[in-house]
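Residue-level listing of the chains:
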There are 2 protein chains.
Amino acid sequence: MFSRACQYGIRAVIYICGESQKGNKVGAKQISEKTGVPEPFIAKILQDLARKKIIGSTKGPTGGFFVDGRHQELTLKQLVDAIDGEELFTGCSLGLENCSEANPCPLHGEIKQIRLSIVRMLTQKSIKEFAEEVEKGETVLSRMIQT
Amino acid sequence: MFSRACQYGIRAVIYICGESQKGNKVGAKQISEKTGVPEPFIAKILQDLARKKIIGSTKGPTGGFFVDGRHQELTLKQLVDAIDGEELFTGCSLGLENCSEANPCPLHGEIKQIRLSIVRMLTQKSIKEFAEEVEKGETVLSRMIQT
DNA sequence: ATAATAGAGGATAATTTTATCCTTTATGAT
DNA sequence: ATCATAAAGGATAAAATTATCCTCTATTAT
């Protein structure tokens, strides 16, 4: 469903958002530790997101990644779009180039509903809300038993 | 959502099923032409499916791929399982190894419903029914304007 | 029996995705 | 001003996926 880069990106940005709520910027190393994502890989992904202004970043000591007012009501949908593109939401699920209402693939009718559900999942909560759930311990971002 | 191999496989098997209803076996070349899938690639995928007894195949003149009584109520779910594995249906959508009810990832609750919808889409109709829709011209398996 | 046909199987390429490393640049602490 | 820190950027490597090709084997038509 999501590429690995996208899975990593989602976990990382939810974590960053949680820390940002507490006023902390976080570095790639810390993100890697807390989300179980390989450090150089997440660094690349976040570099990309920062370039696209999906998240913020600053260099130097006390620097790191963050999400602030400018990215306030950021949703996972925007994140997925930025990392994986819109293929999941707009492309034909069977790979037909010209699949459409007039020319539907066998799954065309059904997949529409599923896509709506996916979009709903990715937009009904802001990333901030997802981060709050993690803070409350209701959900987790990495394998447990980490200090 | 589905790998390219899986998209190709679904299109090919629906086509094969339609021809099988008419009593025809079809070769990789014909399948390639009718579904717009690269011939050597679909040959590999189908070879695999035949080995797994998802479809049938015979060699030699008048040979080819087919689905018969033994694969009668074959569903797309079985096909997807065979080609892409069950990751889509059972793995954590954010890639957490130990995601569970007790230890849920942020999307855990929502993704369950979506998976059910996907499974429903892939099981509520048999492949034979999908093939009938194609025969009726209600749905298509490749870009249009093919003789 | 022989020849032609078509899948099986194995080897190999090409491309994309995943992952890592190293140098440069910006920034904050001192 | 200097130094340490951390992201940016570019190069590279490894692995997986996608795609192709060639030989072998089974089968059918003649």
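Residues numbered from 1 in each chain as written. Chains lettered and ligands numbered in written order. Predicted model: local features only at pLDDT ≥ 70, side-chain atom pairs only at ≥ 80, totals over all residues. Heavy atoms only, no water.

For chain A, an unreviewed UniProt entry supplies the name Transcriptional regulator, BadM/Rrf2 family and the organism Mariniradius saccharolyticus AK6.

**Q** I'd like a description of the side chain of A:T35, backed by residues and values.
**A** Following the sequence through the fold, A:T35 ends up in helix α2 (residues 28–35). Setting aside residues no more than four positions away along its own chain, A:T35 makes contact with A:R11, A:A12, A:Y15, A:L141 and A:S142. (Helix = DSSP H or I, 4+ residues; strand = E, 2+ residues; numbered from the N terminus. Contact = heavy atoms within 4.5 Å.)

**Q** Quick rundown of unusual backbone geometry? Include the residues and the values.
**A** Residues other than glycine predominantly adopt negative phi, and peptide bonds predominantly adopt the trans conformation. Phi angles above zero are rare outside glycine, and A:K53 is one such case at about 65 degrees. Mapped onto the elements, A:K53 comes out in the loop between α3 (39–51) and β1 (56–58).

**Q** Give a detailed account of the packing of aromatic side chains, specifying residues and quantitative values.
**A** Applying the stated criterion across every chain, the model contains two aromatic pairs over all chains. Lying over the aromatic face of A:F89, A:K77 brings its terminal NZ or CZ to 4.3 Å of the ring centre. (Phe/Tyr/Trp six-rings, centres within 6.5 Å; stacked < 30°, edge-to-face > 60°. Lys NZ or Arg CZ within 6 Å of the ring centre and 35° of its normal.)

**Q** Describe the interface of chain B and chain A, and please don't skip the residues or the numbers.
**A** Each partner contributes residues to the interface: chain B has 37 residues there, and chain A has 37 residues. Buried area between chain B and chain A, summed over both chains or domains, comes out near 3200 Å², and the portion from carbon and sulfur atoms is 67%. Sorting the residues of chain B by area buried against chain A places B:M1, B:L94 and B:P106 first, and these three jointly supply 19% of that buried surface. Joining chain B to chain A, the criterion identifies zero salt bridges. Linking chain B to chain A there are eight residue pairs in polar contact (both at pLDDT 80 or more). If you list the elements that add at least two residues to the side of chain B that touches chain A, you get α1 (4–21), α6 (108–123) and α7 (127–135) of chain B. The greatest single-element share of the side of chain B that touches chain A, amounting to seven residues, is contributed by α6(B). (Buried area = accessible area lost by both parts, 1.4 Å probe. Salt bridge = Lys/Arg side-chain N within 4 Å of Asp/Glu carboxyl O. Polar contact = N/O pair within 3.5 Å; in protein donor to acceptor, adjacent residues only side chain to side chain.)

**Q** So what's going on with the pattern of salt bridges? Which residues, and what values?
**A** Applying the stated criterion across every chain yields a total of 18 salt bridges over all chains. With a closest N to O distance of 3.0 Å, A:E19 and A:K22 form a salt bridge. Among the residues examined, A:E19 registers a relative accessible area of 8% and is labelled buried. Among the residues examined, A:K22 registers a relative accessible area of 48% and is labelled partly exposed. Here B:D48 ties to B:R51 by a salt bridge, and the two come within 2.9 Å at their closest N and O atoms. With B:D48 and B:R51 both in helix α3 (residues 39–51) and three residues apart, this pair spans about one turn of that helix. Several salt bridges converge on common partners, so that one network encompasses A:E19, A:K22 and A:E135. (Buried < 20%, exposed > 50% of the residue type's maximum accessible area, 1.4 Å probe, protein only.)

**Q** Give me the nonpolar core: which residues, what numbers.
**A** Counting 93 residues, the largest nonpolar core has A:L46, B:L46 and B:I55 as its most contacted members. With sequence-adjacent residues up to four places away left out, B:L46 is seen in contact with B:A12, B:V13, B:I16, B:I31, B:I55 and B:F65. (Core = buried A, V, L, I, M, F, W, Y, C linked by side-chain atoms within 4.5 Å.)

**Q** Which residues make up α2(A), and what values do they have?
**A** All names here are of chain A. Turning to α2, its buried residues are A28, I31, S32 and T35. Around the axis of α2, the buried residues are gathered within 100 degrees of arc, so they sit on the same side. Those residues of α2 that are exposed and angled more than 90 degrees off the buried face are K29 and E33. At its buried positions, α2 is contacted by α1 (4–21), α3 and β2 (64–66). G36 sits one or two positions beyond α2 and adopts a positive phi of about 70 degrees. (Arc of directions from axis to C-beta.)

**Q** Now, about the relation of the copies chain B and chain A: what can you tell me, with residues and values included?
**A** Relating the two copies of this chain is a rotation about some axis coupled with a shift parallel to it. Rotating chain B by 180 degrees and translating it 0.0 Å along the rotation axis places it on chain A, where the RMSD comes to 0.0 Å. Each copy turns onto its partner about a two-fold axis. Minimal C-alpha separation from the rotation axis in chain B is found for B:M1, amounting to 2.1 Å. Both copies present the same face, since 100% of the interface residues in chain B are matched by interface residues at the equivalent positions in chain A. (Least-squares fit on C-alpha atoms with pLDDT ≥ 70 in both.)

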